[in-house]
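If you want the building blocks of each chain, they are given just below.
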Amino acid sequence: MKKMCTDKANIENNIPDWLLNYHNTAHSGTGVEPAILMLGRRLRSPLSLVNPLSWKGVKKQVHETTERIRSEKFLRRFEIGDSVMIRDILHKRWLKGVVVSVSD
């Protein structure tokens with residue numbers, strides 16, 4: 001992005017290319033390209049025309065990633081008696097604890 005900032009005209013011409021590359025690059029958190037998660041497919045780029053990827057397993061990977069993301073959106077629920085770790089930020093350490101009450 002810094003290399004594109006030489007002048008304003010260059011930036012406006014290069015942003016679409018930068019966004020295309022960004023949407024076709026695997027995200028570190030999900031392991032899947034944002035375009036696949038949004039559209040179910042990779043976006044066409046000059047590189048994809050030269051070297052098309054094998055689509056075996058892509059749908060499976062998208063499904064697995066989508067399910068993992070959905071499952072992470074739910075809050076954790078604790079029951080009385082569950083063992084937990086509590087962060088003591090004053091002394092910068094973790095302490096063992098037990099849930100004694102639960103609120104909704």
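Residues numbered from 1 in each chain as written. Predicted model: local features only at pLDDT ≥ 70, side-chain atom pairs only at ≥ 80, totals over all residues. Heavy atoms only, no water.

**Examining the overall build of the protein**
Then step 1. Secondary structure summary: the protein contains four helices and two strands in total.
Then step 2. The order of helices and strands in the protein, counted from the N terminus, is α-α-α-α-β-β.
Then step 3. Here the protein has roughly 9,300 Å² of accessible surface; of this, 58% comes from carbon and sulfur atoms. (Helix = DSSP H or I, 4+ residues; strand = E, 2+ residues; numbered from the N terminus. Areas by Shrake-Rupley, 256 points an atom, 1.4 Å probe, with all protein chains shown as cover.)

**Concerning the pattern of salt bridges**
Then step 1. With the rule as written, the count across this model stands at one salt bridge.
Then step 2. As a salt-bridge pair, Asp88 and Arg93 come within 3.5 Å of each other at their nearest N and O atoms. (Salt bridge = Lys/Arg side-chain N within 4 Å of Asp/Glu carboxyl O.)

**Overview of the packing of aromatic side chains**
Then step 1. All chains considered together, the criterion is met by one aromatic pair.
Then step 2. Their ring planes at 10° and their centres at 5.6 Å tell us that Trp18 and Tyr22 sit as a pair that is stacked. You can see Trp18 and its partner Tyr22 sitting in helix α1 (residues 8-23), four residues apart, about one turn around the helix.
Then step 3. The class of Trp18 is partly exposed, set by a relative accessible area of 35%.
Then step 4. Residue classification places Tyr22 among the partly exposed residues on the basis of a relative accessible area of 40%. (Phe/Tyr/Trp six-rings, centres within 6.5 Å; stacked < 30°, edge-to-face > 60°. Buried < 20%, exposed > 50% of the residue type's maximum accessible area, 1.4 Å probe, protein only.)

**Quick look at the confidence of the model for the protein**
When pLDDT is low, close inspection of the predicted coordinates is not appropriate.
Then step 1. Of all residues in the protein, 75% attain a pLDDT of 70 or more, and the chain-wide mean is 78.
Then step 2. Ranking the elements of the protein by mean pLDDT puts helix α3 (residues 46-50) last with 69 and strand β2 (residues 93-98) first with 94. (pLDDT = per-residue confidence, 0-100.)

**Here's the deal with the pairing of β2**
Then step 1. Summarising the sheet, strand β1 (residues 83-88) and β2 pair through six bridges and their orientation is antiparallel. Paired with Ile86 across the strands is Leu95, a residue of β2.
Then step 2. What sits between β1 and β2 in their antiparallel hairpin is a turn of four residues, with Lys92 showing a positive phi close to 55°. (Pairing = 2+ DSSP bridges.)

**Examining the environment of Arg87**
Then step 1. Topologically, Arg87 is positioned in strand β1.
Then step 2. When its relative accessible area of 39% is taken as the criterion, Arg87 is described as partly exposed.
Then step 3. When residues no more than four places from it in sequence are discounted, the contact partners of Arg87 are Lys92, Arg93 and Trp94. (Contact = heavy atoms within 4.5 Å.)

**A look at the side chain of Glu33**
Then step 1. Examined against the element boundaries, Glu33 turns out to sit in the loop between α1 and α2 (34-39).
Then step 2. Apart from the residues lying within four places of it in its own chain, the contact partners of Glu33 are His23, Asn24, Thr25, Ala26, His27 and Arg42.

**Quick word on unusual backbone geometry**
Then step 1. Phi angles above zero are rare outside glycine, and Lys92 is one such case at about 55°.
Then step 2. Its location among the elements puts Lys92 in the loop between β1 and β2.
Then step 3. Judged by relative accessible area, Lys92 falls into the exposed class, the value being 66%.

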